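The primary structure of each chain is shown beneath.
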Amino acid sequence: MSTLTKSLAVTLLASLAAAPLATAPLAAQTTIGLRGGIGTATLSRDMPRLEAGEVERSRFGAVSGIDVGIPLSGIVDLRVGMGLAQKGGLADTPPSVTAGRAFVQATAELDYLQLSALVRASADAERGLLKVGVLAGPYVALNLSCDIALTTLFPPAGSGQFRFSGGRQLSRTEASCLKDEGTDFSSRDFGLAFGTGIEVKLGASVALALDVIYAMGLSRIDDDGTRNRHLALQSGLVFVVG
């Protein structure tokens, strides 16, 4: 089963479990949120990876999760969440690739189970029908899978120098992130996430949510000082439960 399929399955099961909660009273403040969306990720490291003429390569993937909103005081609450996030980006070509190495581009595909605790400050608008807020807090991510996608590119005709910004994709294969390949990624990631979000009230105890969250990895996930960068756009439903 692919990671995307697993992600959708988790979201579906969580939705079925939370559906009865929509009948909770209006006065309740604790919430459960079910969210899903798309994300774009890159890898940064201490030493520049790009050569002359190359361009950064991002990985696009799915995000999904469930979270509990716990009121703290006034306009501040705590969102404790758990979900799946697909990260990665341009990586070093494994040493095992010898033939045509100059025309091979490697992309790390890292899938994580991500746990977060985000503090949100929000304010109501439009007579309580709209809530706008900002979020920030730490996250810890556990690596579920790690692959290196190898893409063979063909240099443009008549070019004196190969450039990744040109070229034409010919084939794509995958290799595991093994230590003997020189791509030994850590099983954990830690960082800070921050962003903004809105909630549109749909009923007495349910709202439609839209968030933009940027996760900045602080821990090095390999010996080269590589760190994750991830921007996610997600939407979902928020249910008042107590």
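1. A short note on the overall build of the protein chain
Within the protein chain, the regular secondary structure consists of one helix and nine strands. Ordered by position from N to C terminus, the α and β elements of the protein chain give α-β-β-β-β-β-β-β-β-β. In the protein chain, the share of contacts with a sequence separation of at least 24, taken over all contacts with a separation of at least 6, comes to 68%.

2. Topic: the pairing of strand β9 (residues 227-240)
Burial of β9 is extensive: ten of the 14 residues sit out of reach of the surface. Taken together, the 14 bridges between strand β1 (residues 31-44) and β9 define a ladder with antiparallel strand orientation. Bridging across to β9, I32 finds its partner in F239. Pairing geometry for strand β8 (residues 206-217) and β9, over eleven bridges, is antiparallel. Looking at the pairing, V212 lines up with L233 of β9.

3. A short note on the confidence of the model for the protein chain
This prediction gives the protein chain a mean pLDDT of 78; 68% of its residues lie at or above 70. When the criterion is pLDDT under 50, residues 1-28 qualifies, and its contacts beyond four places in sequence or with other chains add up to 35 contacts. Within the model, pLDDT remains below 50 along residues 156-170, and this stretch shows 27 contacts once partners closer than five positions in the same chain are excluded.

4. Focus: the environment of G83
By the element assignment, G83 lies in strand β3 (residues 76-91). Separated by 29 residues in the primary sequence, G83 and Y112 have C-alpha atoms spaced 8.3 Å apart.

About the criteria used
- Residues numbered from 1 in each chain as written.
- Predicted model: local features only at pLDDT ≥ 70, side-chain atom pairs only at ≥ 80, totals over all residues.
- Heavy atoms only, no water.
- Helix = DSSP H or I, 4+ residues; strand = E, 2+ residues; numbered from the N terminus.
- Contact = heavy atoms within 4.5 Å.
- Buried < 20%, exposed > 50% of the residue type's maximum accessible area, 1.4 Å probe, protein only.
- Pairing = 2+ DSSP bridges.
- pLDDT = per-residue confidence, 0-100.

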